[in-house]
Every structure is written in C-alpha cells, then in structure tokens.
Amino acid sequence: DGGITQSPKYLFRKEGQNVTLSCEQNLNHDAMYWYRQDPGQGLRLIYYSQIVNDFQKGDIAEGYSVSREKKESFPLTVTSAQKNPTAFYLCASSISRAGNTEAFFGQGTRLTVV
Amino acid sequence: GQQVMQIPQYQHVQEGEDFTTYCNSSTTLSNIQWYKQRPGGHPVFLIQLVKSGEVKKQKRLTFQFGEAKKNSSLHITATQTTDVGTYFCAGPSDYKLSFGAGTTVTVRA
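Summarised in this report is the structure supplied together with it. Keep in mind it's a predicted model, so treat the numbers as computed, not measured. (Residues numbered from 1 in each chain as written. Chains lettered and ligands numbered in written order. Predicted model: local features only at pLDDT ≥ 70, side-chain atom pairs only at ≥ 80, totals over all residues. Heavy atoms only, no water.)

## With respect to the pairing of strand β1 (residues 4-7) of chain A
Residues and elements named next belong to chain A.
No. 1: The side-chain alternation of β1 yields one buried face, formed by Ile-4 and Gln-6, and one unburied face, formed by Thr-5 and Ser-7.
No. 2: For β1 and strand β3 (residues 19-25), the ladder comprises four bridges, and the chain directions are antiparallel. Counterpart to Thr-5 in the pairing with β3 is Glu-24. (Buried < 20%, exposed > 50% of the residue type's maximum accessible area, 1.4 Å probe, protein only. Helix = DSSP H or I, 4+ residues; strand = E, 2+ residues; numbered from the N terminus. Pairing = 2+ DSSP bridges.)

This is how it looks when you write it as structure tokens:
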C-alpha cells in the first residue's frame, strides 16, 4: 500500500537527550514536511524539503534538525536545545514542490520528554 | 510572510444545526485546501479550491473560495456527531504549505 509512515507512534525520552523521529513515504513525492502540533493548537512548520539533499527551515526550526538523503525518507531529530519538545509531530508529503497540491500525513509521533 | 487565520477557534454545535468556519489570508492565494483531523488522528485532505469564487460541495459540506482569493469558508449543514474534529485550511506560500490554527468542532447530541 502506498502511504507515509511515521514511527514510533509514542516516544518517551529523558530531558537532555536527542531523539530522532522517522518518516518514510513510498508515494514518490518530492516535497516532505515536518509539523508540530500542541494541544488545542494548529500545525506549525518545523522544516520542509522540496528535493533530495535540500531542506529549508520553517517557522519553528530552532532545536530541530533534519536530513533528506533519500527521496523517501525525511527524519527529524529533536535536540536537547529544544526547550519544550513534548508535542505531537506530524510528517507530510506532497507531489508538488510548490505546496499547491494535497498533502498526505503520517499517523504522527507523540513525543513526551520527562 | 503569509499568515492564514481561522475563526472561530472553537465551535460548539447542537446536532442538526448548521455552522460555518472562516479562513482568511494576509495575501492572495493560488489555491486553498481544507483538512479534517479527528480527535487523536492526523489531518486528512478534504478538498482544494483554485478558482476565484469557486464553490464545491461534499454531501453536507460546502466550501467557498472568495472572489479576491484571500478568504474561504466551510459550511456544514445538519451537523452530525461524525463531524466532530478540527478543520484546518491551508495555503501555499514560498514553496511550503501553511496551515491555519483550525476550528475545533464539538457536537451536542
């Protein structure tokens, strides 16, 4: 089945540790996105990538890092520099690099830092 | 940069009633998309509007794109419990997709 897969669904980490969230898609989409969602809030863009080996900072990139070494993979690392990392993280992809086509979302990873 | 704003943030609706949620952009949009996120779930694409003044219907949902392509609305008639969730609008800007804060809908049976 084609789709976008995030793993794990739930993740617990101790404060001060880096953690990497996985995002894989087999839709052959060029564009991939990472969003953060806090309770009762909308989707805030962390990073996005329009093509392999290239990515751009979104609105809240501080404390996060990404890589795009393969078209199908766009992992997000939450570093210890992120002051409030507990949140719901959503990965998305779209066929268009211009952001003007439907975005497909993964199931999300709920990160809790204790 | 572009900002997409949605109102209201929360909508409490009696089952069977109608309601409308609104989306406004600070800049002209080439298109606007609407998504629905069920509680505990992830956003799912509903529809995309491209043309000025465009109106599209999906059963009880009616989507409109403003004449100036800076605003949009989602109108739901005869609300059902299955309509519960958060509705987001999203618009492209600088090769990224920017989302509004969403309207969270609860339904009283």
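Right, picking up where we left off after that structure.
## Quick notes on the side chain of B:Glu54
All names here are of chain B.
No. 1: Within the secondary structure, Glu-54 is located in the loop between β5 (44-49) and β6 (55-58).
No. 2: Owing to a relative accessible area of 16%, Glu-54 belongs among the buried residues under this scheme.
No. 3: Contacts of Glu-54, omitting those with residues within four sequence positions, involve Leu-49, Phe-63, Gln-64 and Phe-65. (Contact = heavy atoms within 4.5 Å.)

## Re the pattern of salt bridges
No. 1: Applying the stated criterion to the full structure yields six salt bridges over all chains.
No. 2: The closest approach of N and O atoms between B:Lys96 and A:Asp59, which form a salt bridge, is 3.8 Å. Of this pair, B:Lys96 sits in strand β10 (residues 96-99) while A:Asp59 sits in the loop between β6 (54-57) and β7 (64-66), which puts the two residues in different chains.
No. 3: Residue classification places B:Lys96 among the buried residues on the basis of a relative accessible area of 14%.
No. 4: Residue A:Asp59 is classed as exposed on the basis of its relative accessible area of 56%.
No. 5: One network of salt bridges, in which partners are shared, links A:Arg36, A:Asp38 and A:Arg44. (Salt bridge = Lys/Arg side-chain N within 4 Å of Asp/Glu carboxyl O.)

## Let's talk about the sheet that holds strand β1 (residues 4-7) of chain B
All names here are of chain B.
No. 1: Within the open sheet, the five strands sit side by side as β1-β3-β8-β7-β6. Their pairing is antiparallel. Among the strands making up the open sheet, the edge pair consists of β1 and β6. On average, each strand axis in the sheet is inclined to that of its neighbour by 15°, with strand direction left out of account.
No. 2: Two elements, β1 and strand β3 (residues 19-25), share four bridges in a ladder whose sense is antiparallel. For Met-5, the partnering residue across the bridge sits in β3 and is Asn-24. (Axes fitted to C-alpha atoms, helices over the stretch in contact; angles between N-to-C directions.)

## Considering the nonpolar core
No. 1: Membership of the largest hydrophobic core comes to 20 residues, with the highest contact counts inside it found for A:Leu21, A:Trp34, A:Ile46, A:Leu76, A:Val78 and A:Tyr89.
No. 2: Every element with two or more residues in this core is listed here: β3, β4 (31-37), β5 (43-51), β7, β8 (76-78) and β9 (87-94) of chain A.
No. 3: Residue contacts for A:Leu76: discarding those within four places in its chain leaves A:Val19, A:Thr20, A:Leu21, A:Trp34, A:Ile46, A:Tyr64, A:Ser65, A:Val66 and A:Tyr89.
No. 4: The next biggest cluster of nonpolar side chains, apart from the first, holds 19 residues, and it includes B:Leu49, B:Phe65, B:Tyr87 and B:Val107. (Core = buried A, V, L, I, M, F, W, Y, C linked by side-chain atoms within 4.5 Å.)

## As for the sheet that holds β8(A)
All names here are of chain A.
No. 1: Pairing within the open sheet is antiparallel, and its four strands lie in the order β1-β3-β8-β7. Only two strands of the sheet have a single neighbouring strand rather than two, namely β1 and β7. Sheet twist, expressed as the average angle between the axes of neighbouring strands with direction ignored, equals 20°.
No. 2: Pairing analysis gives three bridges linking β7 to β8, with the strands arranged antiparallel.

## Overview of the interface of chain B and chain A
No. 1: At the interface, 21 residues of chain B touch 23 residues of chain A.
No. 2: Here chain B packs against chain A, burying approximately 1,700 Å² in sum over the two surfaces, 53% of which is carbon and sulfur.
No. 3: Broken down residue by residue, the surface that chain B buries against chain A is led by B:His42, B:Tyr95 and B:Lys96, which jointly contribute 33%.
No. 4: On inspection of chain B and its partner chain A, the count reaches one salt bridge.
No. 5: Inspection of the region where chain B meets chain A yields four residue pairs in polar contact (both at pLDDT 80 or more).
No. 6: Every element with two or more residues in the side of chain B that touches chain A is listed here: β4 (32-37), β5, β9 (85-93) and β10 of chain B. (Buried area = accessible area lost by both parts, 1.4 Å probe. Polar contact = N/O pair within 3.5 Å; in protein donor to acceptor, adjacent residues only side chain to side chain.)

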